[in-house]
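The primary structure of each chain is shown beneath.
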Amino acid sequence: FFKIMKRIKRTFLLSIAIQIILTTSLYAQFTDWRNAKFGNSIYTHGYCDQPYVVVLENGKWLCVFTTNAGHEGSKGQHIVSSISEDQGKSWSDTVRIENPGRESASWAMPYLTDFGRVYVFYTYNGDKIHELGERKNIREDMLGWYCYKYCDDEGKTWSERYRIDVPNKPVDLNNDWNGDVQIFWGIGKPIDFEGGMMLAFTKIGQYMLDYSEGWLLHCENINKEKNPQKLKFELLPETDTGIKNPELGVINSEQNIFQLNGGTLYSMHRTIAGHPAESYSTDGGKTWTTSQPPVYENGIKLKNPRACPRIWKTGNGKYLFWYHHHGGWNFNSRNPAWISGGIEKDGKIIWSQPEILLYEENPAVRMSYPDLIEQDGKYWITETNKADARVHKIPNEFLNTLWSQFEINKVTKNNLVAEWEDGEIPLQGQLEVPSIPDNYYADGFTLDFRLVLVNLTPGQLIMSSTDKKGKSIEIKTGDFGAIEITMSDGEHTDTWSSDPGLVKATAVEHCVSVTVDNGPRIIQFVINGTVNNGRDVRQFGWGRYTVNMKNFRFNMIEMHRMAGDEVYIDSKITNMRLYNQPLMNTEIIGNHRNFLSSQ
């Protein structure tokens, strides 16, 4: 009896172990690291913003951020710190750098000195301003003094408060208090500069946020002087106006900086023009070029709404840019976060076309104010949705692929289900798709094809596919030289098109790619190596869908005859690849560049 029971127990435990292994394997296979919910929480408490991290000499992470039991800007807003000893997996209880009170302390930016001290620079309502004219109890978290405290014991205790004497400029003298009170805030982290430190911040000319421009504080002796009262601060640029371009609107704010490998300073900031704006200084920040929208390598302007455009220089001498890849003018649509990689070329930054970095499943949830952490050759990104500050490990292979975009020239074979050449694709008829397990389309798919389109009449059906569950896709011509995809789950239908005008009526082949990404539920088109961003004709170049395309299965692809021209040149597909994953845009660009090099 006991032998039988022991055998049953062993069999039962083995069964449980196999189930755990299978479940873990499937979870690992289909867990999308870009989904923000898989990040490790730093802190959740009412309102939480700007989680910025410095890596201490012993490898621990010290994070500082702004928090509040209520909403952003409400009374009691203060700054705190927390420590992680396991690279962001867990965090200590917070330590108050400033206690919550009637006067807000906000927007802490940390800096680690050469001798291991951590300073934080922040806005403090030292003037105790709570009224403006007849308005009572105004939001005051951007009013007052630029202050700093320091810590020498890994965030356990913080010093008394010190104030920086920030000179008034015309933007201050024209504000609601005629310069008696300054309006300002900063995002990002200070950088090492010429043996000292430099931080960027934004001065504001009208309560609460209008008529803004960027300024810098340079402290040359912070890495040598241990007496905090002897720190010397210089306000830059040496002009009456800060970093801005009035032609981009009255909002030129949230400047953040890095130094190029050749010594030039680079600044990025947000506007309400539908684009971020970049500036350069070749004289140590004394003067700056007029801010202009940055461009991709192909000359197309990057887009960003009124949201934090965060830039970083990485240890390999390359660059990263967090933004939101659409041309809105307000605070909305900060989900997903997109990222571009940067390299230097002729003393300027060239940005790659974007990839989705992180997303929230609910499109209405916003994320912003990120930071980059590098340690042991690995990368992490912090961010906040204004309630929960989190940290996310970013795969090295993702960033390395992103940086490779400028020279990538190969056909991606990963997740390739099938490829058909010109002679294998009928003008009209069926293509049989190789059978693969159903769940291999769980994350989405990519159709990458070369198209000869000699007639731009909209509504021409190019290809279609319907699976056994009644889900279907159709790809057809759209208006004004666009390509359109329609998807149906049997109950609902969604449609999105490429940017108009990119496909011409010609006998020349166009490279067309459409990705359906079931993580953020986003459709993207890449036409001839150009990631669609809406250009000047629409706010978004990418579209969201709500239909359920999980596990849509390609069994057969139906090819449809398209219209020719008066001399009977056929419109046709000359090559097509089907992938059971949404490819990175960089991989699609590599496919296109490989085609060009083979001509």
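Before going further, it helps to examine the overall build of the protein. When helices and strands are counted, the protein shows four helices and 40 strands. Relative to a compact globule of 599 residues, whose C-alpha radius of gyration would be 25 Å, the protein shows 27 Å and is just as compact. Counting only C-alpha atoms and orienting by the principal axes, one finds that the protein spans roughly 85 × 80 × 50 Å. Residues classed as buried in the protein amount to 57% of the 599 residues present. Partitioning the contacts of the protein with sequence separation of at least 6, the portion at a separation of at least 24 is 62%. About 24,900 Å² of surface is accessible on the protein, with carbon and sulfur atoms providing 49% of the total. Of note, the protein has its 63 positive side-chain charges centred 6 Å away from the centre of its 73 negative side-chain charges.

Residues of helix 3 (residues 396–403) that are buried include every one of Phe-398, Leu-399, Leu-402 and Trp-403, and no others. An end-on view of helix 3 places all buried positions within 130 degrees of arc, on one side of the element. Against the buried residues of helix 3 lie strand 21 (319–323), strand 22 (337–345), strand 24 (355–358), strand 26 (378–384), strand 27 (388–394) and helix 4 (585–597).

Moving on: the packing of aromatic side chains. Under the criterion given, the structure shown has 30 aromatic pairs. Between the aromatic rings of Tyr-119 and Phe-121, the centroid separation amounts to 6.1 Å while the plane-to-plane angle is 20 degrees, which identifies the pairing as stacked. Each member of the pair, Tyr-119 as well as Phe-121, is classed as buried. Ring centres of Phe-258 and Tyr-319 lie 4.5 Å apart, and the angle between their planes is 25 degrees; this geometry places the pair in the stacked category. Placement of Phe-258 in strand 17 (residues 253–259) and of Tyr-319 in strand 21 is noted, with a sequence separation of 61 residues between them. Ring pairing ties together the aromatic residues Phe-258, Tyr-266, Tyr-280, Tyr-319, Phe-321, Tyr-323 and Trp-351, which thus form one cluster. Lying across the ring of Tyr-150, Arg-117 places its NZ or CZ 4.0 Å from the centre. The lysine or arginine in question, Arg-310, covers the ring of Tyr-52, its NZ or CZ lying 5.6 Å from the ring centre.

Looking now at the pattern of salt bridges. Going through the model one piece at a time under the given rule, you end up with 31 salt bridges. Note that Glu-383 and Arg-390 form a salt bridge whose closest N and O atoms lie 2.8 Å from each other. With respect to class, Glu-383 is no different from Arg-390; both count as buried. Connected through salt bridges with shared partners, the residues Asp-49, Glu-72, Arg-139, Asp-141 and Lys-386 form a single ionic network.

Now for the layout of surface pockets. Of the voids in this model, the second largest pocket is the one considered here, and its volume is about 740 Å³. What lines the second largest pocket is a set of 24 residues, and nearest its centre among them are Lys-189, Pro-190, Ile-191, Asp-192 and Lys-313. Every element with two or more residues in the lining of the second largest pocket is listed here: strand 2 (47–55), strand 6 (105–112), strand 13 (191–193), strand 17, strand 20 (310–313) and strand 25 (368–375). Taken together, the residues of the lining of the second largest pocket break down into 14 nonpolar, three polar and seven charged.

Counting buried positions along strand 19 (residues 277–281) yields five of five residues, so the element is predominantly enclosed. Burial along strand 19 is two-sided: Ala-277, Ser-279 and Ser-281 and Glu-278 and Tyr-280, pointing in opposite directions, are all buried. Bridge count for strand 18 (residues 265–270) against strand 19 is five bridges, and the pairing is antiparallel. Pairing of Ser-267 across the sheet is with Ser-279, part of strand 19. Taking the residues that link successive antiparallel strands as the turn, the strand 18-strand 19 hairpin has six residues, and the phi of Gly-274 there is positive, at about 85 degrees.

A few words now on the confidence of the model for the protein. Per-residue pLDDT for the protein averages 94, and the proportion of residues at 70 or more is 94%. Contacts from residues 8–29, a stretch scored under 50 in pLDDT, to residues over four places away or in other chains number two contacts.

Quick look at empty space enclosed by the protein now. Counting across every chain of the model gives two cavities of 30 Å³ or more. Here the largest cavity is characterised by a volume of approximately 100 Å³. Lining the largest cavity we find 16 residues, and of these Asp-448, Cys-511, Arg-577, Asn-591 and His-592 sit closest to its centre. Mapped by element, the contributors of at least two residues to the lining of the largest cavity are strand 30 (444–453), strand 35 (506–517), strand 36 (522–527), strand 40 (572–579) and helix 4. A per-element tally of the lining of the largest cavity places helix 4 first, with four residues. Here the second largest cavity defines a volume of roughly 50 Å³. In this structure, the second largest cavity is lined by Ile-425, Pro-426, Leu-427, Ile-462, Met-559, His-560, Met-562, Ser-571, Lys-572 and Ile-573. Split by residue class, the lining of the second largest cavity holds seven nonpolar, two polar and one charged.

Another aspect to go through is the state of the cysteines. Under the criterion given, the structure shown has zero disulfides. Considering cysteine sulfurs only, Cys-63 is the nearest to Cys-151, which forms no disulfide, with 14 Å between them. Here Cys-308 is not cross-linked by a disulfide; its sulfur's nearest cysteine counterpart is in Cys-63, at 15 Å.

Another aspect to go through is the sheet that holds strand 11 (residues 162–164). Strand order in the open sheet formed by four strands is 6-7-10-11, and the pairing between neighbours is antiparallel. Both outer strands of the open sheet, strand 6 and strand 11, are each paired with one neighbouring strand and no more. The sheet shows a mean angle of 30 degrees between the axes of neighbouring strands, taken without regard to direction. Two elements, strand 10 (residues 145–151) and strand 11, share three bridges in a ladder whose sense is antiparallel. By the bridge assignment for strand 11, Tyr-148 is matched with Tyr-162.

In this section: the pairing of strand 2. Extensive coverage of strand 2 is indicated by the burial of eight of its nine residues. Here strand 2 hands over to strand 3 (residues 61–68) after five residues, with Gly-59 in that stretch at a positive phi of 95 degrees.

This brings us to the environment of Arg-163. With respect to the element layout, Arg-163 can be found in strand 11. When neighbours within four sequence positions are excluded, Arg-163 is seen to be in contact with Trp-145, Tyr-146, Cys-147 and Tyr-148.

Parameters and conventions
All residue numbers refer to positions counted from 1 along the written sequence of the respective chain. The predicted origin of the model limits local features to residues at a pLDDT of at least 70 and limits the giving and counting of side-chain atom pairs to 80 or more, whereas totals for whole chains, interfaces and linings rest on all residues. Side-chain numbers here rest on the full set of heavy atoms in the structure, without hydrogens or water. Secondary structure elements are defined from DSSP: runs of H or I of at least 4 residues count as helices, runs of E of at least 2 residues count as strands, and each element is numbered from the N terminus. What the globule rule says is 2.2 Å times the number of residues to the power 0.38, and the radius of gyration is computed from C-alpha atoms. Type-normalised accessible area, obtained with a 1.4 Å probe on protein chains alone, sets the label of each residue: buried when under 20%, exposed when over 50%, and partly exposed for intermediate values. In this analysis, two residues are considered to be in contact whenever any of their non-hydrogen atoms come within 4.5 Å of each other. All accessible-area figures derive from a Shrake-Rupley calculation using a 1.4 Å probe, and residue coverage is judged against the displayed protein chains alone. Asp and Glu count as negative and Lys and Arg as positive, but His and the ends of the chain are not part of the count. Working definition for charges: the position is that of NZ of Lys, CZ of Arg, CG of Asp or CD of Glu. As used here, the arc is the angular range of directions from the helix axis to the C-beta atoms. Two aromatic rings from Phe, Tyr or Trp, using only the six-membered ring of Trp, form a pair when their centres are within 6.5 Å; if the ring planes differ by under 30 degrees the pair is stacked, by over 60 it is edge-to-face, and anything between is tilted. Two limits define a charge over a ring: the Lys NZ or Arg CZ must be within 6 Å of the ring centre, and within 35 degrees of the ring normal. Salt bridges are defined by distance alone: a side-chain nitrogen of Lys or Arg within 4 Å of a carboxyl oxygen of Asp or Glu. Whether a set of points on the 1 Å grid over the protein atoms alone is a cavity depends on a 1.4 Å probe fitting there but being unable to get out, while an open set qualifies as a pocket with protein on both sides within 12 Å along at least five of seven lines; lining residues are those with an atom within 4 Å of a point. Grid points are joined across faces, edges and corners, and a volume is the space filled by probe spheres set on the points. Ten residue types, Ala, Val, Leu, Ile, Met, Phe, Trp, Tyr, Cys and Pro, are classed as nonpolar, four, Asp, Glu, Lys and Arg, as charged, and the remainder, Gly among them, as polar. Being paired, for any two strands, means DSSP has found at least two bridges between them. In predicted models, pLDDT denotes the confidence assigned by the predictor to each residue on a 0 to 100 scale. In what follows, a disulfide is any cysteine sulfur pair within 2.5 Å. To define axes, lines are fitted to C-alpha atoms, for helices over the stretch in contact only, and angles between the resulting N-to-C directions are given on a 0 to 180 degree scale.

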